[in-house]
Amino acid sequence: MLISTKILGQALIGVAGAVVIGTVVFLGQNRLDADLERTRRATEMQDRAERLDRTFLMMRRAEKDFLLRMVESYLTQYEKARETAAGLAAELAAAPQPTIASAGAEVGRRLAESGQAFAAMTTAYREFGFDENQGLMGRLRASAHKAEADATAAGQPQLTAAILQLRRHEKDFLLRRDDGYLKKFDAAVADLNTRLAD
């Protein structure tokens, strides 16, 4: 066999080896890229889930702060956190993994229900009054002050005492939320109406 044939054979083996190695590297790189892309998407989903968890905590904090202090600014904080959470839940619902997508959709649905319930509750509190000067509580307080002033101006100490007894039952009910004070309030109203009729 000629040397040139041997060299040509070895060159062809070298080229074939290079093609095989190149193909393996190319396929390996594609596989690695696909794995890295899946890892990146999984990391994004985990990041969204963690941000959603933190956002839920901020929502709950604003909700509790509102319920403790009855200050409107906490409603704004709650709504901002709820909107952020809804966006994150929608992103999770659009995930390619079915389990993550269904969980994201469920979270979004429950979040909408929670937001509606919280809105209804805050509407009721707003109507009732966030403090003693607002809403129904404010109107009741203003009426009671006017009635006290009118009774005092009329020089009727028994009437003033009856009104003060009414206020006492009102405050006891507002403080303790015990229905027994409503019964006492109703009895005091009946007594006051009897005194007014006389």
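This is a predicted model, so every value here is computed, not measured.

Chemist: Quick question: what am I supposed to make of the nonpolar core here?
Modeler: Note that soluble globular proteins tend to have their nonpolar side chains buried in a common cluster. Counting 17 residues, the largest nonpolar core has M59 and F66 as the members making the most contacts within it. Where this core is concerned, the elements lending two or more residues are α1 (3-69), α2 (72-93) and α3 (98-128). For this core, the leading source of residues is α2, giving 7 residues. When residues no more than four places from it in sequence are discounted, the contact partners of F66 are V71, Y74, L75, F118, T122, Y125 and F130. Membership of the second largest hydrophobic core comes to 7 residues, among which are L159, A162, I163 and A188.

Chemist: Explain the layout of surface pockets here, please?
Modeler: Using a probe with the size of a water molecule, rolled over the atoms, empty space left in the structure can be pinpointed. The volume enclosed by the largest pocket comes to roughly 170 Å³. Lining the largest pocket, in full, are M70, Y125, F128, G129, F130, M137, L174, L175 and R177. The set of elements that each furnish at least two residues to the lining of the largest pocket consists of α3 and α5 (157-176).

Chemist: What exactly am I supposed to notice about unusual backbone geometry here?
Modeler: Generally, phi is negative for residues other than glycine and the peptide bonds are trans, each holding for most cases. You will see that M70, though not glycine, has its phi angle at about 55°, which is positive. Relative to the helices and strands, M70 is located in the loop between α1 and α2. In this model, R177 sits at a positive phi of 55°, which is unusual for a non-glycine residue. Relative to the helices and strands, R177 resides in the loop between α5 and α6 (179-197).

Criteria and thresholds
Residue numbers restart at each chain and count upward from 1, following the sequence in its written direction. In view of the model being predicted, local features appear only for residues whose pLDDT reaches at least 70, and side-chain atom pairs are presented and counted only at 80 or more, with totals across whole chains, interfaces and linings using the full set of residues. In computing side-chain properties, one takes all heavy atoms of the structure into account and sets aside hydrogens as well as water. By nonpolar core we mean a set of buried residues, namely Ala, Val, Leu, Ile, Met, Phe, Trp, Tyr and Cys, connected to one another through side-chain atoms within 4.5 Å. Relative accessible area decides the class of each residue, using a 1.4 Å probe on protein chains only: under 20% of the type maximum gives buried, over 50% gives exposed, and in between gives partly exposed. In this text, helices come from DSSP runs of H or I with a minimum length of four residues, and strands from runs of E with a minimum of two, each type numbered from the N-terminal end. Throughout, a residue-residue contact means that at least one pair of heavy atoms, one from each residue, lies within 4.5 Å. Of the two site types, the cavity is a set of points on a 1 Å grid over the protein atoms alone where a 1.4 Å probe fits but cannot get out, and the pocket is an open set with protein on both sides within 12 Å along at least five of seven lines, each lined by residues with an atom within 4 Å of a point. Grid points are joined across faces, edges and corners, and a volume is the space filled by probe spheres set on the points.

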